[in-house]
Amino acid sequence: MKRSYSQTSSKELKMGPGANDEGFMDVDGQHAPEPSTTVAVVGAGPSGLMLASNLVRYGIKTTLLDDRPDRTSTGKADGMQPKTIETFKQLRLADDLLRKGVKVYDISFWESAVDKPLQRTGRQIHYPNHVGASDPYILLAHQGMIEDVLIQDMEERGVSVSRSSPFIECSKSATNGKVNVVYEDAITKKPQTLEADYLIGCDGARSKVRPYIPEAKLIGEVTNASWGVLDGVIETDFPDLWSKVAVRTHHAGSILWIPRERNMTRLYVELSSKDGDRMDKSLATAEYVMNKAKEAMAPYTLEWKSIEWFGNYVVSQRVANHFADAELQLFIAGDAGHCHSALAAQGANTSMHDSFNLAWKLNLVARDLAPRSLLATYEEERKKIAQDLINFDAEHVKAFTEGDEALARNFDENIRFISGVGAEYSPNILNKLGSTPLPPASSVNHLKPGALLTPARVSRFIDANPIDIQLDIHLLSQFRIYMFVPNMHAAAPFLSSLCSHIQSSSSVLSRATMHANKSYAANPPPHAPLDDYAQLDRYTPVSKLFTYALVTRTAKCEAEISSLPALLQASRWTFYLDDVMPGGGCTEKWLGDVAGDEVVIVNVRPDGYVGSIGRFGDVVAGSGERGKKAGEWLDEYYGGFLKG
């Protein structure tokens with residue numbers, strides 16, 4: 001059913017209860033001009049900050065409203081999964097968190113029974129090699145530390161969070177189609193209106209933005225399972241204090257132990273009653289939770305030297321039926337779109353990747369480089385991940401009650417998804433299944449559309465540095481086009497023809513590049529001190545929309561940048577030699593067998609997901625024609641969602 005704003009005869013189209021078209025005055029009683037922005041974000045938690053900080057980096061005018069007077073100082077979300085760590089590395093924001101956080105590589109299982117005391121029943125590496133994570137650990141750092149990194153990055157680019165500015169309501173203007181966002185001014189405490197092209201609610205499970213998306217609501221169950229959460233410094237003789245630990249007892253429920261920064265430990269303590277009824281939240285005090293934990297951990301001693309944060313939550317497993325309105329101007333992200341337990345450290349991770357997905361799409365649409373219809377892929381892709389998460393979470397919470405064997409099996413079956421590496425999208429205009437046959441399903445390292453790049457090592461030709469190829473190119477809201485050319489000399493005519501087509505006036509990539517370069521020249525991204533060391537222009541020397549990369553098995557002594565077409569000569573910082581990994585190297589790992597007379601092209605989206613893969617054989621015979629065909633294949637893919 002089509003969702004739209006209800007039509008009215010007034011100046012505005014009403015979007016929810018309480019909307020009005022009053023004029024707002026300043027302290028002198030004069031009508032103040034309505035400020036405007038491109039994107040208004042409500043909520044400065046991990047999801048809102050990830051969205052806003054990326055948009056600010058891209059040069060999109062962004063306003064971030066938050067109802068709190070200050071940032072998060074303690075507690076809340078605390079676990080960064082491998083994919084999130086990788087994302088922060090790609091954003092050049094991981095160093096401080098890696099230095100201050102705690103890395104957890106293993107998990108141990110403990111259990112007691114009526115006839116058996118509490119004892120360890122197993123131990124395993126949290127992320128074994130087959131997961132394909134470049135950072136095979138959970139990084140523990142409280143939510144405020146993550147927020148601080150994103151806030152600082154924004155502030156260095158001239159944008160701050162608007163604190164004590166709660167969202168009130170919104171309406172859509174019938175005059176220009178923009179969204180009028182009403183919020184409470186932090187100083188005057190009076191309503192103010194912000195005109196925006198887009199409004200995104202990153203304001204939690206009780207989102208005030210979500211009701212303005214017609215028919216949008218959370219669908220699912222609120223369970224009777226409840227947990228108390230304690231962050232503090234513990235004195236104990238329990239031997240696995242510095243591992244992640246899942247404890248299940250026959251008499252006092254379950255506990256999840258997680259090491260934390262600054263010598264702290266987080267305990268999730270199950271509070272549901274033995275008959276399965278939900279516990280009265282008023283009774284779930286910090287003291288009650290500590291006593292419950294002591295009872296469960298006996299005969300081991302457990303004392304708190306200090307407590308930094310205490311929380312209590314009821315497990316809710318729900319997904320919003322809509323993440324956007326029909327006009328693709330209102331969106332929700334993070335907990336506003338999905339709720340679940342905190343036991344597998346998924347909430348902040350999934351929420352930030354909601355925003356990561358939406359940010360680059362908003363950038364392209366706001367710059368008129370892509371039609372607004374591109375934004376429809378946000379709900380399509382992230383709603384799938386949210387539903388996958390809820391399905392996993394229901395199994396995960398159930399496994400906690402069934403015992404160590406069930407819990408260990410649950411981890412094994414879902415470990416790639418838990419890490420974030422295995423979160424995959426279905427085919428759509430961005431994730432195109434083409435003529436290239438997919439690799440065997442058992443090979444998790446082989447690339448496929450809708451999946452992430454997996455870790456691989458190559459060396460940069462220009463400085464001989466061995467690098468992680470999936471991390472080396474900085475994320476600037478641009479697509480990456482990798483050309484895998486086992487034999488540079490055999491493929492020279494193919495590359496010449498391909499690059500000539502890409503740069504011709506008839507090419508979608510050429511026209512899109514021209515528009516993008518004009519847009520970025522007129523509205524450049526703001527500069528931060530961090531950027532001085534990154535030399536970002538290295539990665540977009542030809543186009544602000546595409547980074548071209550060449551990967552070859554040709555020996556360095558037989559390769560020269562000057563022998564490449566001009567397009568690739570300009571892209572010298574993304575010219576790679578596949579000479580670091582044993583065997584077939586990165587080429588073999590990502591693509592399987594690639595013969596010397598073949599070229600494989602991999603299109604990678606701005607968020608690191610593979611968009612499409614093309615394989616072109618017989619590049620020596622008739623190579624000029626094959627190169628042109630490859631260029632037309634690129635035009636077909638990018639022409640499906642870019643304005644050219």
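Numbering of residues starts from 1 in every chain and runs along the sequence as written. In keeping with the predicted nature of the model, local features appear solely for residues at pLDDT of at least 70, side-chain atom pairs appear and are counted solely at 80 or more, and the whole-chain, interface and lining totals rest on all residues. Only heavy atoms go into the side-chain values, all of them from the structure, while hydrogens and water stay out.

Condition: UniProt positions are given in the numbering used here, feature names are shortened, and annotations may be inferred rather than shown by experiment.
An unreviewed UniProt entry lists the protein under the name FAD-binding domain-containing protein, with Helicocarpus griseus UAMH5409 given as the organism. Quoted straight from UniProt, the Sequence similarities (unreviewed entry) entry for the protein says "Belongs to the PheA/TfdB FAD monooxygenase family."

1. Here's the deal with the pattern of salt bridges
Heads up, the condition is: Salt bridges, as used here, are contacts in which a Lys or Arg side-chain nitrogen is within 4 Å of a carboxyl oxygen on Asp or Glu. Only DSSP runs of H or I covering at least 4 residues are called helices, and only runs of E covering at least 2 are called strands; the numbering of each starts at the N terminus. Note on classification: 1.4 Å probe, protein chains only; a residue is buried when its accessible area is under 20% of the maximum for its type, exposed when over 50%, partly exposed between these limits.
All told, the structure shown has 37 salt bridges when counted by the stated rule. Here Asp96 and Lys100 are joined by a salt bridge, their closest N and O atoms 3.3 Å apart. Highlighted residues: Asp96 and Lys100, both in helix 3 (residues 95–100), separated by four residues, approximately one helical turn. Given the relative accessible area of 26%, Asp96 is considered partly exposed. What makes Lys100 partly exposed here is its relative accessible area of 46%. Its salt-bridge partner being Lys178, residue Asp197 comes within 2.3 Å of it at the nearest N-O pair. Residue Asp197 is found in strand 11 (residues 191–201), and its partner Lys178 is found in the loop between strand 9 (167–173) and strand 10 (179–184); the two are separated by 19 residues along the sequence. On the accessibility criterion, Lys178 (25% relative accessible area) is partly exposed. A network of salt bridges, in which partner residues are shared, links Asp231, Arg260, Glu261, Arg262, Arg266 and Glu308.

2. Observations concerning the domain arrangement of the protein
Using the following cut-off: Residue ranges labeled as domains rest on an automatic or database domain assignment. In what follows, a contact means two residues having at least one pair of non-hydrogen atoms within 4.5 Å. Here's the idea: put two parts together, see how much 1.4 Å probe accessible area each one loses, and the total over both is what we call buried area. Each polar contact in these results corresponds to two N or O atoms within 3.5 Å; when the atoms are within protein, one needs to be able to donate a hydrogen and the other to accept it, and residues that are neighboring in sequence are counted only if both atoms are side-chain atoms.
Taken domain by domain, the protein comprises domain 1 (38–97 + 142–219 + 320–419) and domain 2 (451–640). If you average the C-alpha positions of domain 1 and of domain 2, the two centres end up 31 Å apart. Each partner contributes to the interface: domain 1 provides 23 residues, whereas domain 2 provides 28 residues. Between domain 1 and domain 2, a total of about 2300 Å² is buried, with carbon and sulfur atoms accounting for 56% of that surface. Viewed at the interface, domain 2 and domain 1 are joined by three salt bridges. Across the pair Glu381 and Arg605 runs a salt bridge, and its minimum N-O distance is 2.7 Å. Along the contact surface separating domain 1 from domain 2 lie eleven residue pairs in polar contact (both at pLDDT 80 or more).

3. Observations regarding the sheet that holds strand 6 (residues 106–113)
Two strands in a sheet stick together by hydrogen bonds in their backbones, pointing the same way (parallel) or opposite ways (antiparallel). This is how it is decided: Only strands that DSSP links by at least two bridges are regarded as paired with each other. Only C-alpha atoms enter the line fits that serve as axes; for helices the fit covers just the stretch in contact. Angles between N-to-C directions range over 0 to 180 degrees.
The strand order 7-6-13-14-15-12-16-18 describes an open sheet built from eight strands, whose pairing is mixed. Of all strands in the sheet, those with a lone pairing partner are strand 7 (116–125) and strand 18 (338–339), marking the two edges. In the sheet, strand 14 (residues 254–259) pairs with strand 15 (residues 265–270) via five bridges, with the strands oriented antiparallel. Following the sheet pairing, Ile258 is matched in strand 15 by Arg266. Packed onto the sheet, helix 7 (residues 376–402) meets strand 12 (218–236), strand 13 (244–248), strand 14, strand 15, strand 16 (302–320) and strand 18 and runs at close to 125° relative to strand 16. Helix-sheet contacts for helix 8 (residues 404–419) involve strand 6, strand 7 and strand 13, and the interaxial angle to strand 6 is about 160°.

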